[in-house]
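Structural features, examined
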Amino acid sequence: MTRADAPPVIPVMRPLLGAEEAAAVAEVVRSGWVAQGPQVAAFEREFAAAVGAVGGVALSSCTTALHLALHVLGVGAGDEVVVPSLSFIATANAVRYTGARPVFADVDATGNLTPASVAAAVGPRTRAVLLVHQAGVPADVPAIRLACPGVPVVEDAACAAGSVLHDRPVGAGAHLAAWSFHPRKLLTTGEGGMLTCDDEALLARLRRLREHGMSVSAAERHASGGALVETYDEVGFNYRMTDIQAAMGRVQLTRLAGIVERRRALAARYHDLLTAVPEVSAVRDPAHGRTNYQSFWVLLDDGVPAERGAVLADLAAAGISARRGIMAAHLEPAYAGIRHPPLPVTERLTRRSLVLPLHHDLSEHELVRVVDELARAVRARRVAS
Ligand SMILES: *Cc1c(COP(=O)(O)O)cnc(C)c1O
């Protein structure tokens, strides 16, 4: 459908950026200190406080954060890490970087690992569990920890800033939580990530490791007028965030509560309207927490004969930019050689779910149009088959 009077395309997502971010970035440029410095340190303090952690270490991405988390846990060749296949590929890739083997565990209808699926996957070589708060829906971390006593649990919280788990922010009490500030997430710094935790010694080691393993940071050396000479006690990485990014992140963080509130209101409206479309079921809060609705996904019920791709094509033709649901790493060629148990829920969710538009400025009119077109797409195919 390409009509001259076609309504404008409704994007699946759109970051919320304003003049304040632009001004903060310009100020950093004017200051002359554009690499990791005071803005990064302030962003770390403010973000860690917001997610209920003792401290944070800002990094270049969530992918590098996940790699560093597994690295400091000593994960390496011959080890196994329990991980969901249902996630963005970066989660499983982080395990591969260390030389360890990802052991895929199935998820439940919320898209998250469960205590039972984790317990079944843990074995004598398990060095860590890497769980995901999928699309912002909090996983039940305390219950999963009980299912793998003695095994550290790393939380891939890339999508979960502002989500709530057992009445605390996701991240509070985490062994290690990894965050993303890619524009697909609620808060963005262009690219960027963070690790948060409550262990001061671990935070200090993470700070060194992200900066080539230097015993003295560039900022500390600068403050000393060059009098401090660094040593390199272990092999590190360049996983730093810049002050330009951090300045933007600090402004973004002030918007977090408002972003989550708006997304939850829009999601509630979707839920209302979708009661008229019983052919799909939509993501909801789990019993143990509240999602930030990082993504609003729906699952086509088994009774719907339409392929998910056909529904997406119909939505695209109607000017609605939807997306396939969450991917599954074990179905990708890069993972063809990795053994895995049956993953029936993962496969159903990845093949039958789609992400509907949800962003701060989505209007009531647009939201109604999305639901109308979804209903039409689902039913048109039903009749046609
Ligand atoms: C986006 C995402 C990542 C990767 O984040 P980057 O900051 O782009 O590296 C990792 N895990 C999950 C679950 C994600 O959604």
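Look up a bit, the structure's there.
To start, this report covers the structure provided alongside it. (Residues numbered from 1 in each chain as written. Predicted model: local features only at pLDDT ≥ 70, side-chain atom pairs only at ≥ 80, totals over all residues. Heavy atoms only, no water.)

For the rest of this paragraph, the subject is the site of the ligand. If you check the shell around the ligand, you find 15 residues, and the closest are C62, T63, D156, S180 and K185. Taking D156, its side chain carries an N or O atom lying 2.7 Å from a nitrogen atom of the ligand. In this structure, K185 approaches the ligand through a side-chain N or O atom, which is 2.6 Å from an oxygen atom. Calculation on the ligand without its partners gives an accessible area of 390 Å², and the protein chains cover 91% of this total. Only α3 (62–72) and α4 (89–97) provide two or more residues apiece to the shell around the ligand. (Near = heavy atom within 4 Å. Polar contact = N/O pair within 3.5 Å; in protein donor to acceptor, adjacent residues only side chain to side chain. Areas by Shrake-Rupley, 256 points an atom, 1.4 Å probe, with all protein chains shown as cover. Helix = DSSP H or I, 4+ residues; strand = E, 2+ residues; numbered from the N terminus.)

Looking now at the nonpolar core. Residues W179, Y270, F296, L354 and L374 are the most contacted members of the largest nonpolar core, which totals 79 residues. Ignoring any residue separated from it by four or fewer positions in sequence, one finds L374 in contact with L274, V280, V298, V311, L315, L354 and L356. Within the second largest apolar cluster, 38 residues are counted, among which are A69, L70, L130 and C197. (Core = buried A, V, L, I, M, F, W, Y, C linked by side-chain atoms within 4.5 Å. Buried < 20%, exposed > 50% of the residue type's maximum accessible area, 1.4 Å probe, protein only. Contact = heavy atoms within 4.5 Å.)

For the rest of this paragraph, the subject is the pattern of salt bridges. Side-chain pairing between opposite charges can occur once the charged atoms of the two side chains come close. Enumeration over the complete set of coordinates arrives at 17 salt bridges. When the shortest N-O distance is used, the salt bridge between E27 and R30 registers 3.3 Å. Residue E27 and its partner R30 are located together in helix α1 (residues 19–31), separated by three residues, close to a single helical turn. A salt bridge links R205 to E234, with the shortest nitrogen-to-oxygen separation between them at 2.9 Å. Remark: E234 occurs in the loop between α8 (218–223) and α9 (243–274) and R205 occurs in helix α7 (residues 200–209); sequence separation between them is 29 residues. Assessed through its relative accessible area of 29%, E234 is described here as partly exposed. Put simply, E20, E21 and R255 are held in one network by salt bridges that share partners. (Salt bridge = Lys/Arg side-chain N within 4 Å of Asp/Glu carboxyl O.)

Every second residue of strand β14 (residues 353–356) is oriented toward a common face, with S353 and V355 on one face and L354 and L356 on the other, all of them buried. Here four bridges tie strand β12 (residues 296–300) to β14, and the two strands are oriented antiparallel to one another. For V298, the partnering residue across the bridge sits in β14 and is L354. Two elements, strand β13 (residues 323–324) and β14, share two bridges in a ladder whose sense is antiparallel. Within β14, the residue paired with R323 across the bridge is V355. (Pairing = 2+ DSSP bridges.)

Any functional reading would require information beyond the geometric quantities listed.
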